[in-house]
Amino acid sequence: MEFFAGLHFLRPGWLWALLPSLLVLGLLVRANRLRALAWLPVLHATQVFRHPRIGLLRRIEAGGLRGGPRRDAYRRWAGYALLLLCLHLALAHPYRLGKQLPQPPEYRDAVFVIDTSVNMLLRDYLVAGERVDRMTILKSVLTHFIGKLEGNRIGLIVFSETPYTLVPLTADYDLLKSMVRRLEPAVLTGRSTDLGKALLYTLQQLQQNEAPQKPVIVLITDVNRSYRDVDPRSVAAYLHEQGFRLQTVGIGASSYAAQETDSRGLLYQPANFGFLQAIAERGGGRFYRADSAGSLQGAIAAIQTAERRKLQQAPRHVAIPLYQWPLLAGLLWIALVQLPAGRRQRR
Amino acid sequence: MIFPAVSGALARFFGQWTADVLPGAGQPLLDDAELRELAARTQSLPWFFLDFQQDACHPLIGETLSVYRGRGLEFEDNRAYQPGDEPRLLNWRLYARSGELYTKVFTEERRPQVVVLADRRAAMRFGTRRQLKATLVARIGACYAYQARQQALAVGGLILNQAAEWLAPASGDASLDALVRTLAAPCPPLGFDQDQPQLEQGLRLVMHRLPAGCLVVLISDFADLDPQTARPILRHLSESNTVQAIQVLDPVERQLPAGGDFLIEDPASERPLRMDGRDAAQQARYAENFRSRQADLDACFRACGIPFRTCLTTDDLEACLGQPDGLTTGD
């Protein structure tokens, strides 16, 4: 019973089709249009013989097709019915559920909103005693991070004065890496930072996305202060209301202590971490501080862990096909029916 | 409509072509050595199978007494004179004794002719064991011809091939040779659907061409003989002649071969007939049909007073020639 309880059919329509099949079979038997199953056509009869009494043979053959007692017709019908049952069972494609398949990866889509203002040129990171600019750190970490992602789609939005979509949500990691490599600060989008506008643009882009899953937004910036026309905090709050979670990552140092002695004509601006933390809180996320390349990587990993969510999906199982058994039974049945005739032939 | 016609024509063309290239199809059924052996064998047979049941009405004047009254050597009777009688036949001695006119009646002596009606049509060009049916027909016909020659009887024949071939009865080695060669001529297979003379046509031909008083030997399988329509012809033939009927069959005609499926060529349709040798019921039906057919034939011949016997291609020649019971040959 347990075996039958676990039985499923891929195409149960064929089981219903058995009824009309049997009906047609019955009509054919009734019209004497079917020979008994033991008289299946000769597969290898290549030789055709002659017989002088061809007229007599014709009568015999015609008589054999029409005549025959009723019991014989029933037996013929039953033989074919059993064969049809087996064939229909096989066509219905029965299967049993086997091992459960592993769940799909538990990642979400992520949209990185990357600040490419001129501030990214500031060299306030120290790697192996050498000053490294913020952009280099950001690129290397992003590249490494993208390379480690699996089953996750990533989109890149860059902004400074104006935002634009660098890469829409995609799983093409090679493309993503190449685009990240080509990032240059203050080239395409202007020098200064308009964070509120960027967040609004992000929201606009994400609302076009019709996927049921809401991507996590990761804002990576070294913002010190934003324009006053749109308050990023309000936009973050609105994003959160829309069901998004905004994580923020602060890049750069928080004080003037990290300022380079040779400023190369750039005005040093430390990152305003308090401001970023406020945005993260309003956006329903957390603020991570990236003091060095290691901690930035830790921050992004932490976001990834925090945002990990199981996909709501029914458990999937390996289907073990069983159609071969009814098929085999049908073949065996034909063989069995032919067996007595074959024995007679040997004698 | 065109396609079946074209394919049929092609099949007929290639069928004939393949028939020609069949090994042995161009050879005569019986070669010279076999014919010589057959002649010697016929001479040494201890019994006489040219059995004239009605030695009544042989047309030629000869040594054998006939029941014809007429000019002959053998005196039979005196009968009262009737006006118009030949005056030379008046029995003057009896007139002297009795004073009444009597005419002498003689019995004519006549010599019979032997005519062999041999069937060599498509259905006879068939054989599963030992020899073709046509070969056995040739052997039997040749035996009759040799024995007729032995007794200096005129011998002729009607050979049914694709057309009927009439060999007028004549005495002498030439006519004998012609008959025997025609009987033993090469016999390539013919399609069953080809036009060929019916057996009844042959019987009518014999009936019309033969004078009364001959020995007619019918050698065929009589497969296409309808007992109902043929009965008047046979009766007519047997009333004025001595007729013998010899049926030549192959064993598979009597009983379908057992075991396996067979596809059998059906000239009437594209699809061959399928016979199941394992189907006992089908075999029985065939045997039953065949038996009833044989019974009909037998009844028909008996009603016409024609001795009818059946021989198989596997039988010995002596048995086919109607060896009397209790008589055995040397071999």
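Above this text you will find the structure in question.
Model, not experiment: these values are computed from the prediction.

1. Remarks on the overall build of chain A
Of regular secondary structure, chain A possesses 11 helices and 12 strands. Expressed as a percentage of its 347 residues, the buried residues of chain A come to 40%. Here the analysis covers contacts within chain A between residues at least 6 apart in sequence; of these, 82% occur between residues at least 24 apart. Of the roughly 19500 Å² of accessible surface on chain A, a fraction of 57% belongs to carbon and sulfur atoms.

2. Focus: a nonpolar patch on the surface
A surface patch of nonpolar side chains, amounting to about 230 Å² of accessible area, comprises A:Leu87, A:Tyr323 and A:Leu327. Position of A:Leu87 among the secondary structure elements: in helix 4 (residues 70–91).

3. A look at the sheet that holds strand 11 (residues 308–312) of chain B
All names here are of chain B. In space, the six strands of this open sheet follow the order 6-5-4-7-8-11, with mixed pairing throughout. Here the strands that pair on one side only, and so sit at the sheet edges, are strand 6 (164–170) and strand 11. Put simply, the sheet's adjacent strands are angled 15° from each other on average, direction ignored. Examined bridge by bridge, strand 4 (residues 113–119) and strand 5 (residues 154–160) share seven bridges and lie parallel to one another. Within strand 5, the position partnered with leucine 117 by the bridge is leucine 158. Against the sheet, helix 5 (residues 173–183) touches strand 4, strand 5 and strand 6, its axis set at about 25° to strand 5.

4. Quick look at the pattern of salt bridges
Residue and element names in this part refer to chain B. Tallied over the full model, the rule gives 19 salt bridges over all chains. A salt bridge links arginine 181 to aspartate 177; its shortest N-O distance comes to 3.6 Å. Taken together, the residues arginine 181 and aspartate 177, both in helix 5 and four residues apart, mark about one turn of the helix. When its relative accessible area of 41% is taken as the criterion, arginine 181 is described as partly exposed.

5. Focus: the nonpolar core
Residues and elements named next belong to chain B. Ranked by size, the top nonpolar core spans 40 residues in total, and within it Ile140, Tyr146, Leu179, Ile219 and Val248 carry the most contacts. Looking at this core, the element that brings in the most residues is helix 4 (residues 133–150), giving 11 residues. Beyond its immediate sequence surroundings of up to four residues, tyrosine 146 is in contact with Leu35, Leu38, Ala39, Thr42, Leu176 and Val180.

6. Considerations on the packing of aromatic side chains
Residue and element names in this part refer to chain B. Overall, the coordinates contain six aromatic pairs over all chains when judged by the stated rule. With a centroid separation of 6.4 Å and 10° between ring planes, the pair formed by tyrosine 286 and phenylalanine 290 is classed as stacked. Taken together, the positions of tyrosine 286 and phenylalanine 290, both in helix 9 (residues 280–303) and four residues apart, correspond to about one turn of that helix. Classification of phenylalanine 290 by relative accessible area gives buried; the value is 3%. In textbook terms, an aromatic cluster arises when at least three aromatic residues are bridged by ring pairs, as seen for Phe222, Phe301 and Phe308.

7. What to know about the sheet that holds strand 9 (residues 261–264) of chain B
Taken in spatial order, the three strands line up as 2(A)-9(B)-10(B) in an open sheet, and their pairing is mixed. With one partner strand each, in any of the chains shown, strand 2 (48–49) of chain A together with strand 10 (273–276) of chain B form the two edges of the open sheet. As paired elements, strand 2 of chain A and strand 9 of chain B share two bridges and run parallel to each other. Bridge pairing links A:Phe49 to B:Ile264 in strand 9 of chain B.

8. Concerning the side chain of B:Gln294
Turning to its location among the elements, B:Gln294 is positioned in helix 9. Ignoring anything within four residues of it in the chain, the contact list for B:Gln294 reads B:Gln247, B:Leu249 and B:Thr310.

9. Quick word on the state of the cysteines
A covalent bond bridging the sulfur atoms of two cysteines is what the word disulfide describes. If you walk through the whole model with that rule in mind, you get zero disulfides over all chains. Note on B:Cys304: no disulfide assigned, nearest cysteine sulfur contributed by B:Cys300 at a separation of 4.6 Å.

10. Some points on the pairing of strand 6 of chain B
Residue and element names in this part refer to chain B. In terms of strand pairing, strand 5 meets strand 6 through five bridges, oriented antiparallel. Counterpart to isoleucine 159 in the pairing with strand 6 is glutamate 165. Connecting strand 5 to the next strand, strand 6, in antiparallel fashion are three residues.

11. Points about the environment of A:Leu87
Residue classification places A:Leu87 among the partly exposed residues on the basis of a relative accessible area of 35%. The sequence separation of A:Leu87 and A:Tyr323 amounts to 236 residues, and the corresponding C-alpha distance is 9.1 Å.

Rules and cut-offs
- Residues numbered from 1 in each chain as written.
- Chains lettered and ligands numbered in written order.
- Predicted model: local features only at pLDDT ≥ 70, side-chain atom pairs only at ≥ 80, totals over all residues.
- Heavy atoms only, no water.
- Helix = DSSP H or I, 4+ residues; strand = E, 2+ residues; numbered from the N terminus.
- Buried < 20%, exposed > 50% of the residue type's maximum accessible area, 1.4 Å probe, protein only.
- Contact = heavy atoms within 4.5 Å.
- Areas by Shrake-Rupley, 256 points an atom, 1.4 Å probe, with all protein chains shown as cover.
- Patch = residues over 30% accessible without salt bridge, like charges linked within 9 Å, V, L, I, M, F, W, Y side chains within 5 Å.
- Salt bridge = Lys/Arg side-chain N within 4 Å of Asp/Glu carboxyl O.
- Pairing = 2+ DSSP bridges.
- Axes fitted to C-alpha atoms, helices over the stretch in contact; angles between N-to-C directions.
- Core = buried A, V, L, I, M, F, W, Y, C linked by side-chain atoms within 4.5 Å.
- Phe/Tyr/Trp six-rings, centres within 6.5 Å; stacked < 30°, edge-to-face > 60°.
- Disulfide = S-S within 2.5 Å.

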